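# Tertiary structure, described
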Amino acid sequence: MRMESHSPLGIYYGKDDVYVYRTCHTPLHAWTPIHESPVEFRDQTVFGARVRMAVEGDAFLPSFRDGDNRDVIATDSMKNFLLRHAALYEGPSLDGYLAFAGGRLLETYPHVRAVELYADEQAFRPVPVPGAEGFEDSTLVFLHSRNEWSTAELRMERHPDGSPFVVWHRSGLDGLHLIKIRGNSFVGYIRDEYTTLPEDSNRPLYVFLSARWTYVDPLSALSNQATGYVLAEQIRDLAGAVFHALDTRSIQHLIHRICALALVRFPQLESITFQSQNRTWERIVETADGRGQVYTEPRPPFGFQGITMTRADLAEQWPHFEAEWETAT
Ligand SMILES: O=c1[nH]c(=O)c2[nH]c(=O)[nH]c2[nH]1
């Protein structure tokens, strides 16, 4: 999910796909342990990101209108700026790195009115190696994980005194693909002359998920201590645990409960968004022993769902959610 930035003049430019790798970075701690996840920290011996940076400002109009490049920061220089600032960044989080680099960019180039930064984590996890007491994490060899990844995005502008501030910031999780092999139904929907889908009281459900969340205080994620940081791995595990525990009546039902529990578990979050796509496999045949099924990929088109839940939404929609969830699971 890569969004465009829009300046009042409708002009912006920047650099995309800037790959930043930094070794021997400090680990990122999961400051709020939750019942649904064993993850305590993210090893960042290899910290990787694919970054997109876009700048806006009236000062760039002459370059668009007249071909006058005197105020243009070459996008090649932007790439160098991002890479050099990866070495100078003292905090632990991807989000904090973006805020650091964005703030320094605004300080360095006073004619830039706003900067937007987006990053997809390039996850490298230690491989298990045999040690004296069983398997342990290698400190030398890391696996480039092609599975789900964390994201960070923010916009920065400057105060009247010239100092930079964060206009908005979101952390996220992309590429999460979860299959639940039974315990899902989809029944009771409108049946009319357009309906061909049979009701299913026990379907497998394969969903592609992505999430975005905002903090009550962005410094929880952006400061060099990042003492309120929510790891995307925790959101991933929470989504998996909710899927496991819930007899899902639809994907809408599932993502509502995931958002609600995330807000309960992480009081530092202001809102959470989940988007889903229904990729439920097509059932072909039962296995010979009658215990399993053979499936294949579904054909397009694919249904999708989305929800943004704020703390106020949760209080209004379901004031006793936490107690009811604990009782039900
Ligand atoms: O979880 C679902 N929600 C829907 O709205 C829907 N519509 C559909 O055809 N299948 C599904 N599944």
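Calculation criteria
- Counting from 1, residues in each chain are numbered in the order their sequence is written.
- Local features in a predicted model are, by the rule used here, given only for residues with pLDDT of at least 70; side-chain atom pairs are given and counted only at 80 or more, and totals for whole chains, interfaces and linings are based on all residues.
- For the side-chain quantities, the full set of heavy atoms in the structure was used; hydrogens and water were omitted.
- Joining through side-chain atoms within 4.5 Å is the link that ties buried Ala, Val, Leu, Ile, Met, Phe, Trp, Tyr and Cys residues into a set, and such a set is a nonpolar core.
- The buried label goes to any residue with under 20% of its type's maximum accessible area, the exposed label to any with over 50%, and the partly exposed label to all in between, with areas taken from a 1.4 Å probe on protein chains only.
- Numbering of helices and strands runs from the N terminus, with a helix taken as a DSSP run of H or I at least four residues long and a strand as a DSSP run of E at least two residues long.
- Residue ranges for the domains originate in an automatic or database domain assignment.
- Working definition: residue near molecule or strand if any one of its non-hydrogen atoms lies within 4 Å of it.
- What qualifies as a polar contact is a pair of N or O atoms within 3.5 Å, subject to a donor-acceptor requirement within protein and to the restriction that residues adjacent in sequence count only when both atoms come from side chains.
- Note on areas: Shrake-Rupley with a 1.4 Å probe; residue coverage comes only from the protein chains shown.
- Think of a 1 Å grid over just the protein atoms. A cavity is a set of points where a 1.4 Å probe fits yet cannot get out, a pocket is an open set with protein on both sides within 12 Å along at least five of seven lines, and lining residues have an atom within 4 Å of a point.
- Cavity and pocket membership follows a simple rule, namely that a molecule belongs there if more than half of its atoms are within 2 Å of the grid points.
- Under the grouping applied here, Gly and all other residues not named as nonpolar or charged are polar, the nonpolar ones being Ala, Val, Leu, Ile, Met, Phe, Trp, Tyr, Cys and Pro and the charged ones Asp, Glu, Lys and Arg.
- Grid points are joined across faces, edges and corners, and a volume is the space filled by probe spheres set on the points.

## Some words on the nonpolar core
Core analysis: the biggest nonpolar cluster contains 44 residues, and V207, W213, I235, L238, I272 and F274 have the highest contact counts within it. Only β9 (164-186), β10 (200-215), α5 (232-245), α6 (251-265), β11 (269-278), β14 (304-310) and α8 (321-328) provide two or more residues apiece to this core. No other element matches the 10 residues that α6 contributes to this core. Viewed by domain, this core spans two of them, domain 1 (13-170) and domain 2 (172-328), each represented by three or more residues.

## Comments concerning the site of the ligand
F186, L197, R203, S250, I251, Q252, N278 and Q305 make up every residue found near the ligand. Measuring from an oxygen atom of the ligand, one finds a backbone N or O atom of I251 at 2.7 Å. The protein chains hide 69% of the 290 Å² of surface that the ligand would expose on its own. Cavity membership is defined here by more than half of the atoms lying within 2 Å of grid points; on that basis the ligand lies in the largest pocket. In terms of residue class, the shell around the ligand is made up of 3 nonpolar, 4 polar and 1 charged.

## Digging into the layout of surface pockets
Remark: the empty space left among the atoms is shown by a probe the size of a water molecule rolled over them. In this structure, the largest pocket spans a volume of roughly 610 Å³. L197, R203, N278, T280 and W281 are, among the 24 residues lining the largest pocket, the residues nearest its centre. Here the element with the most residues in the lining of the largest pocket is β10; it accounts for 3 residues. When its residues are assigned to classes, the lining of the largest pocket shows 11 nonpolar, 6 polar and 7 charged. Reported here for the second largest pocket is a volume of approximately 310 Å³. In terms of lining residues, the second largest pocket is bounded by 17 residues, among which F41, R42, R125, E233 and R236 are the most central. Counting residues per element, the ones that place at least two in the lining of the second largest pocket are β3 (41-42), β6 (124-131), β8 (149-158) and α5.

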